[in-house]
Amino acid sequence: MEVNENKLKIILSKVPEVTIFFWIIKILCTTVGETFADFINFNLGFGLSLTTIIMGVAFFIVLFFQFRATKYVPSIYWLTVVLISVFGTLVTDNLTDNIGIPLETSTIVFSVLLGLTFLFWYLSEKTLSIHSIYTRKREVFYWLTILFTFALGTAVGDLFSEQLGLGYLLTGTTVIIIIACVFLAWKFLKLDGILAFWIAYILTRPLGASLGDYLSQPTNNGGLGLGTTVTSVIFLTAILAIIVFLAATEFDTTAKNEPAETNQATGSKKNVLVQTIVVLCIFLGVGIGGYVGLSNNIASQTDSTQATLAGQLTDFVKIESDMLNNVNANDFTSAKKGADNLELQWDTAEPKLRKIDSNTWVQIDGTIDVVLAAVRSGNPDASQCKSALNDSLSTLNGANKSASQTDSSQTTTSVGKSKTDSSQNKLAGQLTDFVKIESDMLKDVNSNDFASAKKGADNLEHQWDTSEPKLRKIDSKTWIQIDGTIDVVLAAARSGNPDASKCKSALNDSLSTFNEANK
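Conventions and cut-offs
Residues numbered from 1 in each chain as written. Predicted model: local features only at pLDDT ≥ 70, side-chain atom pairs only at ≥ 80, totals over all residues. Heavy atoms only, no water. Helix = DSSP H or I, 4+ residues; strand = E, 2+ residues; numbered from the N terminus. Buried < 20%, exposed > 50% of the residue type's maximum accessible area, 1.4 Å probe, protein only. Contact = heavy atoms within 4.5 Å. Areas by Shrake-Rupley, 256 points an atom, 1.4 Å probe, with all protein chains shown as cover. 1 Å grid on protein atoms, 1.4 Å probe; cavity = no way out; pocket = protein on both sides within 12 Å on 5 of 7 lines; lining within 4 Å. Points joined across faces, edges and corners; volume = space filled by probe spheres on them. Nonpolar A, V, L, I, M, F, W, Y, C, P; charged D, E, K, R; others polar. Polar contact = N/O pair within 3.5 Å; in protein donor to acceptor, adjacent residues only side chain to side chain. Expected span 1.5 Å × (residues − 1). Salt bridge = Lys/Arg side-chain N within 4 Å of Asp/Glu carboxyl O.

1. Some words on the overall build of the chain
So, step 1. Within the chain, the secondary structure is distributed over 20 helices and zero strands.
So, step 2. Buried residues in the chain amount to 49% of all 519 residues.
So, step 3. Counting contacts in the chain only where the partners sit at least 6 residues apart, residues at least 24 apart contribute 77% of the total.
So, step 4. Carbon together with sulfur atoms contributes 62% to the accessible area of the chain, which is approximately 24800 Å² in total.

2. Things to note about the layout of surface pockets
So, step 1. Here the largest pocket defines a volume of roughly 1800 Å³.
So, step 2. The wall of the largest pocket is formed by 49 residues, among which Ser111, Leu152, Ile202, Leu280 and Phe283 lie closest to the centre.
So, step 3. Those elements that place two or more of their residues in the lining of the largest pocket are helix 5 (103–125), helix 6 (136–163), helix 7 (168–188), helix 8 (193–216) and helix 10 (266–300).
So, step 4. A breakdown of the residues in the lining of the largest pocket according to their chemical character gives 34 nonpolar, 12 polar and three charged.

3. Some points on the environment of Thr31
So, step 1. Among the structural elements, Thr31 can be located in helix 2 (residues 20–43).
So, step 2. Residue classification places Thr31 among the buried positions, given a relative accessible area of 0%.
So, step 3. Considered as a pair, Thr31 and Pro206 are 175 residues apart in the sequence and their alpha carbons are 9.0 Å apart.
So, step 4. Residue contacts for Thr31: discarding those within four places in its chain leaves Gly208, Leu211, Gly212 and Phe235.
So, step 5. Within the structure, the side chain of Thr31 is placed 2.8 Å from the backbone oxygen of Ile27, a separation counted as a polar contact.
So, step 6. Polar side-chain contacts of Thr31 include one of 3.1 Å to the backbone oxygen of Gly208.

4. Considering helix 19 (residues 476–493)
So, step 1. An ideal rise of 1.5 Å per residue puts 26 Å on 18 residues; helix 19 measures up with 25 Å between its terminal C-alpha atoms.
So, step 2. Most of helix 19 sits inside the fold, with 14 of its 18 residues counted as buried.

5. Side note on the pattern of salt bridges
So, step 1. On inspection of all chains with the given rule, the structure shows six salt bridges.
So, step 2. For Glu125, the salt bridge goes to Arg138, with nearest N and O atoms at 2.6 Å. Separated by 13 residues along the polypeptide, Glu125 in helix 5 and Arg138 in helix 6 bring together distant segments of the chain. Neither Glu125 nor Arg138 differs from the other in exposure class; each is buried.
So, step 3. Across the pair Asp458 and Arg494 runs a salt bridge, and its minimum N-O distance is 2.9 Å. Of this pair, Asp458 sits in helix 18 (residues 450–474) while Arg494 sits in the loop between helix 19 and helix 20 (500–518), and the two are 36 residues apart along the sequence.

6. Digging into the environment of Gly100
So, step 1. Position of Gly100 relative to the elements: it lies in the loop between helix 4 (74–98) and helix 5.
So, step 2. Judged by relative accessible area, Gly100 falls into the partly exposed class, the value being 29%.
So, step 3. Sequence separation between Gly100 and Gln363 is 263 residues, and the spatial gap between their C-alpha atoms is 8.3 Å.
So, step 4. In contact with Gly100, not counting residues within four places along its chain, are Leu95 and Val362.

Now the structure itself:
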């Protein structure tokens, strides 16, 4: 009777057996979750919030059918895993990018939520084995756990790979080593199987993300350059092929060991508790130690007196300005290459810049995400691209030019007003030609002669670029401030359908900056 009951439980189980195919599909699902979300967010231009809503609705619809099923159905189960991997990832991304919650906070919160889910699951059901998912309550605990594992894996992976500068490749390699250690501990040191399973399940998320980024990122970003579309198609095809194979052979529905694990022997419970505590201590020690070590490494590369991002963003202003020029010339191929370079340079600089001023970094990061989504759209809209780039340039310039304000206030305090005046007017008398060019452009705009205004813009850009080495050496901070206003002028004057009010506003603002620095 007991044997028959165990067999019935196995038949009614809503999850697959843990075979090699289970782990292969799990990693594939995690990878496609990463790349498919990027595809919808950037390639289709939906943006992070709308992508989250779409994937959230899709996930809950499929989850409904998963709960309605009376047994394990490969297609429904693995589609649920794909969608929950995307949704769990997007939850963390929204908390970080849209709300501004630090990854450290997300990591702690999701760790606590995952731990509480395990605790209540065990107190209620006396087991955490996935072989025992044959009641509605256990299935609820199971999918809630899966959601938190993806959210936690995203937070931990992004924290170490991006914010702390470890990089996706090195993060992925580290995860593989940890999973291998867990496997060896289970195989030879009698680590509890359920504990080993859940450790590996959490860690496969950053592993899959690393693989996805490595395959999809451009070659100049250190990837293979397949792109999110090709990578998603390849992995979805592989997932589909394996699911068809499993559905046909029922390879993952036949229990290899009976009875199903529903309860642990009383004598082993104490041993499992000890193992769990030891594992938690090891992960806490290694995790906190790694975090402190990488943070100190970033701190050693950062000027301790630097309290803002002033003067640190010039390269990004230049990249986005070039992208804006490309968009104005309808050269979206070059603009997309600029987007790839912008993403690479921004991600590379993240650990340092975020350490200096996290709040400003998050603000700029949000505008850059909008730029990437607009430019990488399958059918880019020029007006949306220009709007996104101008907004991002405004934010970058605002954060970048505050250096002169900060420095001048410090100079006033420590040296006195006379030295402040001299530092503010280092370019005095050097900018008369540019004032003349922009004044002539303003006259052209006032007379609606935009053809002449565009010629003036070409001359302005040429003269400004030619004098850059000399002027920047005299006063780099003021040069950066003026350069930001000139970029806005060029964008307004060179627009396919110039708006007179925007051109006048841009020119008046730039002339004001020029005159202040020139007198």
